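# Report on the structure
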Amino acid sequence: MALVAGVDSSTQSCKVVVRDAETGALVRQASAPHPAGTEVHPDAWWQALLTSIEGVGGLDDVEAIAVAGQQHGMVCLDERGDVIRPALLWNDVRSAGAASDLTRELGDTDEAGRAAWVDATGSGLVASFTITKLRWLADNEPEAAARVAAVALPHDWLTWKLRGSSDIRELTTDRSDASGTGYWDPSSGEYRWDLLSLALWREVSPDRFVLPTVLSPFASAGRTPSGAVVAPGCGDNAGAALGLGLGPGQAMVSLGTSGVVAAVADAPVADPTGIVAGFADATGRFLPLACTLNASRILDAMRAVLGVDHQELSRLALAADAGAGGLVHIPYLEGERTPDLPAATGSLFGMTLASMTRENLARAAVEGLLCHMAGCVSAVRSLGIPVEEAFLVGGGARSTAVAALAGSYLGMPVTIPSPGEYVANGAAVQAATVLQGADRPVVWPPTVEVRSEGSTATEALSAYDRHADQERRRHLSDR
Ligand SMILES: Nc1ncnc2c1ncn2[C@@H]1O[C@H](COP(=O)(O)OP(=O)(O)O)[C@@H](O)[C@H]1O
Ligand SMILES: O=C(CO)[C@@H](O)[C@H](O)COP(=O)(O)O
């Protein structure tokens, strides 16, 4: 029996699954936490990966491995391959000003600039994108910026380390993660060296600067020192879409640190408003995606306020009526990206003596999360992408209340696959496919699932939308 490993190096932790390449059966799994914060030294990811590999008893019997990782993180390397400074993660909003500056540098107005970035790279710029972090670096740490000889993403860097390389010219990436940089065009499959030069305030070109080679979906990136095949890897969302085998009409709703709604498309997608990113997927197609900065931690925060565990938070939320007695939670706890309000804070509306119960507070957190995701579903649909059913994954999908209410608040049938590591599973699918030398992903039997149906929670959704719109206007006028 050939074994393959899939890795998810995500925001909060590193997870490794070992699966049977033929049947997909789970053989072993382990995880290790990542440090908190939005600035993390890549060495911490490497240590967490080594700890997880140790946790699965090593990889000596594994024939192929793939790494999926949190998107966008800026890993700057010098000529020798050393990390220049801790990585700025996707949820670090210090580059919000740089995103606005770069947007205006491509157009006379914000709208024209956004449209120009969408045209060039498939996506409008927000602080999450790597290119904005590079501009922030050039503006704020020019000496460090001058030493940058290569830029990689978290999954690129870990893949390179797994191969035992220290030569920056051997860095690789894949289409899905390259499409989140802001300097790669998913339509043409080419890097935009001109945009990277614009961000760094210096002319960079392939003969003097290294960007990872973009591998095709099921190409080999090389081998580990012990001989296992290394697959290209991918961004974590493309990994989950691959693991779920997402098809037409289906959306992935991921409730990790970020909240993500994504669907697969055969052709590149361009959203002139910039709300939906026009990413590539891990199979050769495209992955239009709306992403929030706040998701599972909305529940974590309310759990901490109420001093309960996740199970009790769910019990409380399900004991309250829909609408949480009038409480509406707008959950912009870490600023927000969708809508693009990096300096926003969260709010709680409708507080009265009657509404301020533990049950209503728990319910408002769950409703705030699901209504926030419903907004992302609408954004994806507004591009003409059919979304008729959703798969709910990520740590937040383990919440009993979320699982019970998702169908009503997302307004469509929702399938919750049995709890598992869907990003790492997608990476394992990629590893098995590369091992077989196939050009289409291997298909493993689906996992046991529960469905969440239900009528649309119209009143709670419109109360949320009303307050969210009011908050958006307030934060925009504060700018
Ligand atoms: N039963 C649960 N109910 C609600 N949230 C949960 C539950 N179990 C885990 N979580 C949350 O899921 C999150 C981790 O999910 P994960 O998808 O691994 O995130 P990431 O991929 O961003 O690291 C944490 O915020 C954790 O508190
Ligand atoms: O920025 C994005 C997508 O554009 C995030 O989805 C990151 O990729 C982090 O993912 P999680 O750790 O929340 O899974």
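Quantities reported herein were computed from a predicted structural model and do not represent experimental measurements. (Residues numbered from 1 in each chain as written. Chains lettered and ligands numbered in written order. Predicted model: local features only at pLDDT ≥ 70, side-chain atom pairs only at ≥ 80, totals over all residues. Heavy atoms only, no water.)

## Digging into helix α9 (residues 236-244)
Among the nine residues in α9, eight count as buried, and that is most of the element. All buried positions along α9 are accounted for by D236, N237, A238, G239, A240, A241, L242 and L244. (Buried < 20%, exposed > 50% of the residue type's maximum accessible area, 1.4 Å probe, protein only. Helix = DSSP H or I, 4+ residues; strand = E, 2+ residues; numbered from the N terminus.)

## A few points about the site of ligand 2
Near ligand 2 there are 15 residues, and of these T11, H72, D236, S258 and R337 occur at the shortest range. At a separation of 2.9 Å, an oxygen atom of ligand 2 approaches a polar backbone atom of Q71. Relative to its free-state accessible area of 370 Å², ligand 2 is covered by the protein chains to the extent of 96%. Of all the secondary structure elements, the ones that give two or more residues to the shell around ligand 2 are α9 and β19 (286-292). (Near = heavy atom within 4 Å. Polar contact = N/O pair within 3.5 Å; in protein donor to acceptor, adjacent residues only side chain to side chain. Areas by Shrake-Rupley, 256 points an atom, 1.4 Å probe, with all protein chains shown as cover.)

## As for the site of ligand 1
S10, Q12, K15, T257 and D300 are the nearest of the 16 residues found near ligand 1. Separating an oxygen atom of ligand 1 from a side-chain N or O atom of T257 is a distance of 2.5 Å. Protein contact buries 79% of the 590 Å² of open area that ligand 1 shows by itself. Among the secondary structure elements, those contributing two or more residues to the shell around ligand 1 are β2 (13-20) and α10 (296-306). If you tally residues by element for the shell around ligand 1, the top one is α10, at three residues. For the shell around ligand 1, the residue count by class is one nonpolar, twelve polar and three charged. (Nonpolar A, V, L, I, M, F, W, Y, C, P; charged D, E, K, R; others polar.)

## Remarks on the UniProt feature "active site" (unreviewed entry) in the chain
The sites that carry the UniProt feature "active site" (unreviewed entry) are, in the present numbering, D236. Turning to its location among the elements, D236 is positioned in helix α9. Beyond its immediate chain neighbours, meaning those up to four positions away, D236 contacts D8, A68, G69, Q70, Q71 and V423. (UniProt positions renumbered as here; feature names shortened; annotations may be inferred. Contact = heavy atoms within 4.5 Å.)

## Considerations on the nonpolar core
Counting residues in each nonpolar core, the largest one holds 111 residues, and the members touching the most others are L49, L77, W157, L196 and F209. Here this core takes nine residues from helix α14 (residues 422-436), the largest share from any one element. If sequence neighbours within four positions are ignored, F209 has contacts with V148, A149, A150, V151, W193, L196, L200, R202 and V204. V269, L327, C371 and A374 belong to the second largest nonpolar core, which has 62 residues in total. (Core = buried A, V, L, I, M, F, W, Y, C linked by side-chain atoms within 4.5 Å.)

## Some points on the pattern of salt bridges
Tallied over the entire structure, the rule returns 22 salt bridges. Close ionic contact of E39 with R85 constitutes a salt bridge, the shortest N to O distance being 3.7 Å. Taken as a pair, E39 in strand β4 (residues 39-40) and R85 in the loop between β6 (75-77) and β7 (87-88) lie far apart in primary sequence, 46 residues in all. The class for R85 is buried, based on a relative accessible area of 10%. E421 serves as the salt-bridge partner of R398, at 3.5 Å between the closest nitrogen and oxygen. One end of the pair, R398, is in the loop between β22 (387-393) and α13 (400-410); the other, E421, is in the loop between β23 (414-417) and α14, with 23 residues separating them in the sequence. (Salt bridge = Lys/Arg side-chain N within 4 Å of Asp/Glu carboxyl O.)

## Remarks on the packing of aromatic side chains
What the rule picks out here adds up to four aromatic pairs. For the ring pair Y183 and Y191, a centre distance of 6.3 Å and an interplane angle of 35 degrees mean the geometry is tilted. Residue Y191 is classed as buried on the basis of its relative accessible area of 17%. Ring centres of Y191 and W193 lie 6.2 Å apart, and the angle between their planes is 65 degrees; on these two criteria the pair is classed as edge-to-face. Across the pair, W193 and Y191 agree in class, each one buried. Among the aromatic residues, those joined into a cluster by ring pairs are Y183, Y191, W193 and F209. The ring of W136 is capped by R94, whose NZ or CZ atom sits 5.0 Å from the centre of that ring. The side chain of R175 reaches across the aromatic face of F286, ending 5.1 Å from its centre. (Phe/Tyr/Trp six-rings, centres within 6.5 Å; stacked < 30°, edge-to-face > 60°. Lys NZ or Arg CZ within 6 Å of the ring centre and 35° of its normal.)

## Re the pairing of β22
Most of β22 sits out of view: five of its seven residues are buried. The pairing of strand β16 (residues 249-255) with β22 spans six bridges and is classified as parallel. Bridging across to β22, S254 finds its partner in V393. Alignment of β22 against β23, held across two bridges, turns out to be parallel. Looking at the pairing, F391 lines up with T415 of β23. (Pairing = 2+ DSSP bridges.)

## What to know about the pairing of β19
Burial runs high along β19: seven of the seven residues are buried. Burial along β19 is two-sided: the residues F286, P288, A290 and T292 and L287, L289 and C291 are all buried. Judged from the four bridges that link them, strand β17 (residues 259-263) and β19 form a sheet pairing that is antiparallel. Across the sheet, the residue bridging to V261 is A290, located in β19. As judged from the four bridges shared by strand β18 (residues 277-280) and β19, these two strands associate in the antiparallel manner. The residue bridging A277 from the neighbouring strand is L289, located in β19. In this antiparallel pair of consecutive strands, β18 and β19, the connection spans five residues, and G284 shows a positive phi of 105 degrees.

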